[in-house]
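So you can see what is in the structure, the chains are spelled out below.
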Amino acid sequence: MKKILRVDKIQKYYGNKDNITKAIDGISFDVEEGEFIGIMGASGSGKTTLLNCISTIDNVSAGHIYLENQDITEIKEEDIAKFRRENLGFIFQDFNLLDTLTVEENIALILTINKIPEKEIDKKVIEIAKKLGIDDILNKYPYQISGGQKQRCASCRAIVNNPKIILADEPTGALDSKSARQLLEIMEDMNKSMKATILMVTHDPLSASYCSKILFLKDGKIFNKIEKGEKKRNDFYNEILDVLALLGGDTRDVR
């Protein structure tokens, strides 16, 4: 398998000399192409900080992060936006759709910014919308569609540019249980049929059970990691619960 992401001994500190908080403490791991990795841990364990460092939203204090062969910790500030557009896909908890644009225009926005030819944009948008089952609502606006449809739109937008990695921070947090399951099934399908590489932060054991591998964080370090392998989802779910019980803290399923 091709290695997409390498996180190498990264550290992240906040504060000053008198009051330093160590959010990430020497984390290292690799992500191979086509993996669906979950990141779990109690509140304050460093999981969102880790995702923010990988997405270039935040800077590491030490260590390196490589996307394929590019050291993203060395990217200049003026080049970060272009790097994100060309390499990363994002699925947000609150959708981040623009209400003044149609579903089609929201999905196409990243392609338009990247100056992809119009005919190619139309083809890509229709193709991905069909795969995620929203090709019949492309002319509607976000305020006219359901939460589940909004998240499908956000998922289409995340993958339409064929990013090297998709980053999702608590993507089911704003959804009811039915819509959450639908989104997780979509993400699982994106992973399996489209070979999308996904890194997802979640508190929820059910959401995590859709992943192929899970990293558990505690106090800014990797506490444990488990792989799904050939296990059934229910068995993997129970294994996740066992690790969370050892981990302690606020990691319960809130639904």
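Cut-offs used in this document
- Residues numbered from 1 in each chain as written.
- Predicted model: local features only at pLDDT ≥ 70, side-chain atom pairs only at ≥ 80, totals over all residues.
- Heavy atoms only, no water.
- Buried < 20%, exposed > 50% of the residue type's maximum accessible area, 1.4 Å probe, protein only.
- Helix = DSSP H or I, 4+ residues; strand = E, 2+ residues; numbered from the N terminus.
- Polar contact = N/O pair within 3.5 Å; in protein donor to acceptor, adjacent residues only side chain to side chain.
- Pairing = 2+ DSSP bridges.
- Contact = heavy atoms within 4.5 Å.
- Axes fitted to C-alpha atoms, helices over the stretch in contact; angles between N-to-C directions.
- Arc of directions from axis to C-beta.
- Parallel < 35°, antiparallel > 145°, perpendicular 65-115°, else oblique.
- Left-handed = near helix turned anticlockwise from the far one by under 90°.
- Nonpolar A, V, L, I, M, F, W, Y, C, P; charged D, E, K, R; others polar.

Its identity as a non-glycine residue notwithstanding, Asn162 has a phi of 55°, on the positive side. On the basis of relative accessibility, which here comes to 61%, the residue Asn162 falls in the exposed class. In this model, Glu170 sits at a positive phi of 45°, which is unusual for a non-glycine residue. The residue Glu170 is located in the loop between strand 7 (165-169) and helix 6 (177-193) in this model.

So, about the side chain of Asp204. On the secondary structure map, Asp204 appears in the loop between strand 8 (198-201) and helix 7 (205-208). Of note is the side chain of Asp204, whose polar atom sits 3.2 Å from the backbone nitrogen of Leu206.

Let's shift gears to the pairing of strand 4 (residues 62-67). In this sheet, strand 4 lies alongside strand 1 (residues 3-16) in antiparallel orientation, the contact comprising five bridges. Looking at strand 4, one finds that Asp8 is bridged to His64. Examined bridge by bridge, strand 4 and strand 5 (residues 70-71) share two bridges and lie antiparallel to one another. Following the sheet pairing, Tyr66 is matched in strand 5 by Asp71. If you look at the hairpin formed by strand 4 and strand 5, you'll find two residues sitting between the two strands, and Glu68 has a positive phi there, around 55°.

Bringing the sheet that holds strand 5 into the picture now. Taken together, four strands build an open sheet; the order of strands is 2-1-4-5 and the sheet is antiparallel. What marks the edges here is a single partner per strand, and that holds for strand 2 (19-32) and strand 5. Its contacts with the sheet put helix 1 (residues 47-54) on strand 1, strand 2 and strand 4, and the angle it makes with strand 2 is roughly 65°.

The subject of this paragraph is helix 2 (residues 80-87). Residues of helix 2 that are buried include every one of Ile80, Phe83 and Asn87, and no others. Buried residues along helix 2 cover an arc of 60° about the axis, so they all sit on one side. Summarising the contacts, the buried residues of helix 2 are in contact with strand 4, strand 5, strand 6 (88-91) and strand 7.

The contact between helix 3 (residues 103-113) and helix 4 (residues 118-131) brings their axes to 10 Å, and the two run at 130°. Relative to helix 4, helix 3 is oriented oblique. Both helix 3 and helix 4 take part in a crossing whose hand is right-handed. Counted together, Glu104, Ile107, Ala108, Leu111 and Thr112 of helix 3 and Ile121, Asp122, Lys124, Val125 and Ile128 of helix 4 form the full contact between these two elements.

Moving on to the sheet that holds strand 6. Spatial ordering of the open sheet is given by 6-7-8-3-9-10, a layout of six strands whose pairing is mixed. Taken across any chain shown, the strands that pair with only one partner, and hence form the sheet edges, are strand 6 and strand 10 (221-227). The mean angle between the axes of side-by-side strands here comes to 20°, regardless of whether they run parallel or antiparallel. Across the face of the sheet, helix 2 comes into contact with strand 6 and strand 7 while running at roughly 80° to strand 6. Across the sheet, helix 6 lies against strand 3 (36-41), strand 6, strand 7 and strand 8, angled at about 155° from strand 8, the strand it touches most.

Let us look at the packing of helix 5 (residues 147-159) against helix 6. Where helix 5 contacts helix 6, the axes come no closer than 10 Å and their chain directions differ by 20°. Judged by the inter-axis angle, helix 5 sits roughly parallel to helix 6. For the pair helix 5 and helix 6, the crossing hand works out as right-handed. For the pair helix 5 and helix 6, the contacting residues are Gly148, Gln151, Arg152, Ser155 and Ile159 in the first and Ser179, Gln182, Leu183, Ile186 and Met190 in the second. Residues of the contact of helix 5 with helix 6, tallied by class, amount to four nonpolar, five polar and one charged.

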